[in-house]
Amino acid sequence: MSGHDNPIPMTARRSGPLTGVAEVPGDKSISHRALILGALAVGETRITGLLEGEDVLDTARAMRAFGAEVTRHAPGAWSVHGVGVGGFAEPEAVIDCGNSGTGVRLIIGAMATTPITATFTGDASLSKRPMGRITDPMALFGARAYGRAGGRLPMTIVGAAAPVPVRYATPMPSAQVKSAVLLAGLNAPGQTQVIEREATRDHSERMLRGFGAEISTEDTPEGRLITLTGQPELRPQTVAVPRDPSSAAFPVCAALLVAGSEITVPGVSQNPTRNGLYTTLIEMGADIAYESPREEGGEPVADLRVRFTGALKGVEVPPERAASMIDEYPVLAAVAACATGRTVMRGVKELRVKESDRIDAMARGLEACGVTVEEDEDTLIVHGRGPDGVPGGATCASHLDHRIAMSFLVLGLAAQQPIGVDDGSPIATSFPVFEALMSGLGATISRVDG
Ligand code: S3P
């Protein structure tokens with residue numbers, strides 16, 4: 001578990017050109033799903049390129065607690081001997097999901113239609129996040145949840161003994177909610193349906209299909225309708241996890257801010273439900289080329305070639321793009337601070353319930369660095385100061401949030417004075433090699449000696 005117990009203060013300083021190849025780790029969303037679906041298949045699933053970040057390692061431990069055999073063979077190479085749909089055993093101990101909202105929410109979905117009881121906990125950040133968005137649909141299947149006030153962890157879930165299929169319209173754009181309902185639907189008889197008004201990341205649908213489930217998606221006037229036929233026998237798969245576009249965002253944005261940079265990021269997922277940041281950066285004037293497009297592990301991937309081109313210009317990000325770049329707004333806010341003109345991000349209130357309140361965390365940190373921001377419940381506006389215009393010279397609070405920590409460190413590479421973060425330890429949840437990878441490209445990022 002990461003957190004304030006052993007904070008790791010870090011600093012980034014203005015750097016010379018970033019160059020080279022940035023091999024970012026495997027996709028976090030796909031890594032969680034590969035372990036969970038592997039645990040629900042009958043037989044051995046092989047995974048390569050698994051993200052070995054703390055969030056995913058917590059999910060691997062959880063799958064063992066529910067009875068799957070999970071083995072690490074080499075870096076990123078894992079196998080999962082699954083127990084089959086409905087085959088989860090009752091865990092003997094509390095399941096600690098650490099910092100991971102995806103982990104806890106998907107695992108609750110995966111166990112809620114099996115007649116077992118499990119108790120979930122997490123770190124200080126996860127314990128503040130809303131779980132009602134998951135337990136509400138789980139109750140429709142027949143599961144019961146006993147948590148703290150406001151539907152917070154720690155929480156005990158009593159799985160449904162006689163689950164019924166569910167038709168559920170997600171009240172907010174959330175791939176976690178959609179995925180939890182689909183995973184719960186696996187062990188319900190008949191057809192479970194999810195309707196989402198805006199398309200969110202579709203890794204669960206793609207992977208369920210790959211594991212042999214009957215699942216279809218159609219666009220309807222109410223939104224995207226996903227229909228899953230329950231109680232399939234899932235067949236084990238070989239899953240090659242593509243590199244994470246959300247992690248790639250950090251070296252890519254750093255290269256766009258540091259004069260003279262040119263980097264390549266190979267094998268990054270180009271899934272259209274994930275690439276909103278890249279579309280936005282190109283609209284701002286970024287030079288990003290997609291080379292060698294191909295398919296890996298059921299996902300479109302390409303090699304990204306990124307060149308510094310000078311000043312980027314502020315843009316209005318269309319709210320309907322939010323779901324496809326929801327994790328990238330913090331680093332976009334850092335880029336926007338170095339752009340010319342305003343960057344307007346509307347329709348982003350979901351950022352308030354991530355690992356931290358990301359609107360507040362970015363706004364306060366940017367202000368401390370000398371950048372003007374405006375915000376309301378659903379909006380963040382950053383007034384760009386131009387390529388050399390961010391004063392910096394502040395230490396920003398990361399609030400147990402990996403993406404806040406990395407975003408301010410990226411900004412520090414281009415600011416006039418160094419930018420620090422009070423705690424870089426959460427970076428290990430999603431991007432454990434961040435420091436080494438960025439230093440390898442030429443970034444001056446260091447730990448601050450206590
Ligand atoms: C994720 C969905 C998103 C995202 C998170 C990963 C997933 O969360 O922010 O990092 O893997 O399904 P929401 O479902 O809350 O939007």
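Residues numbered from 1 in each chain as written. Predicted model: local features only at pLDDT ≥ 70, side-chain atom pairs only at ≥ 80, totals over all residues. Heavy atoms only, no water.

A.B. asks: Help me get a handle on the site of the ligand, residues and values and all.
C.D. replies: What surrounds the ligand is the set Ser-29, Arg-33, Thr-102, Arg-133, Pro-173, Ser-174, Ala-175, Gln-176, Arg-201, Ile-326, Asp-327 and Lys-354. The separation between an oxygen atom of the ligand and a polar side-chain atom of Ser-174 is 2.6 Å. Elements represented by at least two residues in the shell around the ligand include exactly helix 1 (28-40) and helix 5 (175-185). In terms of residue class, the shell around the ligand is built from three nonpolar, four polar and five charged. Inspection of the shell around the ligand shows a minimum of three residues originating in each of domain 1 (10-26 + 242-447) and domain 2 (28-232). (Near = heavy atom within 4 Å. Polar contact = N/O pair within 3.5 Å; in protein donor to acceptor, adjacent residues only side chain to side chain. Helix = DSSP H or I, 4+ residues; strand = E, 2+ residues; numbered from the N terminus. Nonpolar A, V, L, I, M, F, W, Y, C, P; charged D, E, K, R; others polar. Domains from an automatic or database assignment.)

A.B. asks: Before we move on, can you summarise helix 11 (residues 402-412) with the specific residues and values?
C.D. replies: Burial runs high along helix 11: 11 of the 11 residues are buried. Among the residues making up helix 11, those that are buried are His-402, Arg-403, Ile-404, Ala-405, Met-406, Ser-407, Phe-408, Leu-409, Val-410, Leu-411 and Gly-412. In this structure Asp-401 caps helix 11, since a side-chain oxygen of it lies 3.0 Å from the backbone nitrogen of Arg-403. (Buried < 20%, exposed > 50% of the residue type's maximum accessible area, 1.4 Å probe, protein only.)

A.B. asks: Would you mind going over the sheet that holds strand 23 (residues 419-421) in detail, with residue names and values included?
C.D. replies: Pairing within the open sheet is mixed, and its four strands lie in the order 22-23-1-24. Because the sheet does not close on itself, it has two edges, and the strands there are strand 22 (395-396) and strand 24 (444-447). Relative to strand 24, strand 1 (residues 10-13) is paired through four bridges, and the arrangement is antiparallel. The partner of Met-10 across the bridge, within strand 24, is Arg-447. Together, strand 1 and strand 24 form the strand contacts of helix 12 (residues 434-441), whose direction differs from that of strand 24 by roughly 145°. (Pairing = 2+ DSSP bridges. Contact = heavy atoms within 4.5 Å. Axes fitted to C-alpha atoms, helices over the stretch in contact; angles between N-to-C directions.)

A.B. asks: Which residues make up the packing of helix 7 (residues 245-257) against helix 8 (residues 276-283), and what values go with them?
C.D. replies: Packing of helix 7 against helix 8 brings their axes to within 10 Å, and their N-to-C directions diverge by 15°. Relative to helix 8, helix 7 is oriented roughly parallel. Pair helix 7 / helix 8 crosses with left-handed handedness. Residue-level contacts link Pro-245, Ala-248, Ala-249, Val-252, Cys-253 and Leu-256 of helix 7 to Leu-277, Tyr-278 and Leu-281 of helix 8. (Parallel < 35°, antiparallel > 145°, perpendicular 65-115°, else oblique. Left-handed = near helix turned anticlockwise from the far one by under 90°.)

A.B. asks: Just give me the short version of the domain arrangement of the chain, but keep the residues and values in it.
C.D. replies: Along its sequence, the chain is carved into domain 1 (10-26 + 242-447) and domain 2 (28-232). Inter-centroid distance (C-alpha atoms) of domain 1 to domain 2 is 29 Å. Across the contact, 25 residues belong to domain 1 and 26 residues belong to domain 2. The salt bridge involving Asp-327 is made with Arg-201; its shortest N-O contact spans 3.4 Å. (Salt bridge = Lys/Arg side-chain N within 4 Å of Asp/Glu carboxyl O.)

A.B. asks: If you had to explain the sheet that holds strand 14 (residues 238-240) to someone new, which residues and values would you point to?
C.D. replies: Taken in spatial order, the four strands line up as 4-5-3-14 in an open sheet, and their pairing is mixed. Since the sheet does not close on itself, it has two edges, and those belong to strand 4 (69-74) and strand 14, each with one partner. On average, each strand axis in the sheet is tilted by 20° relative to the strand beside it, whichever way the strands run. Sheet topology places strand 3 (residues 42-48) next to strand 14; three bridges connect them, and they run parallel. Opposite Ile-47, over in strand 14, you have Val-239 as the bridge partner.

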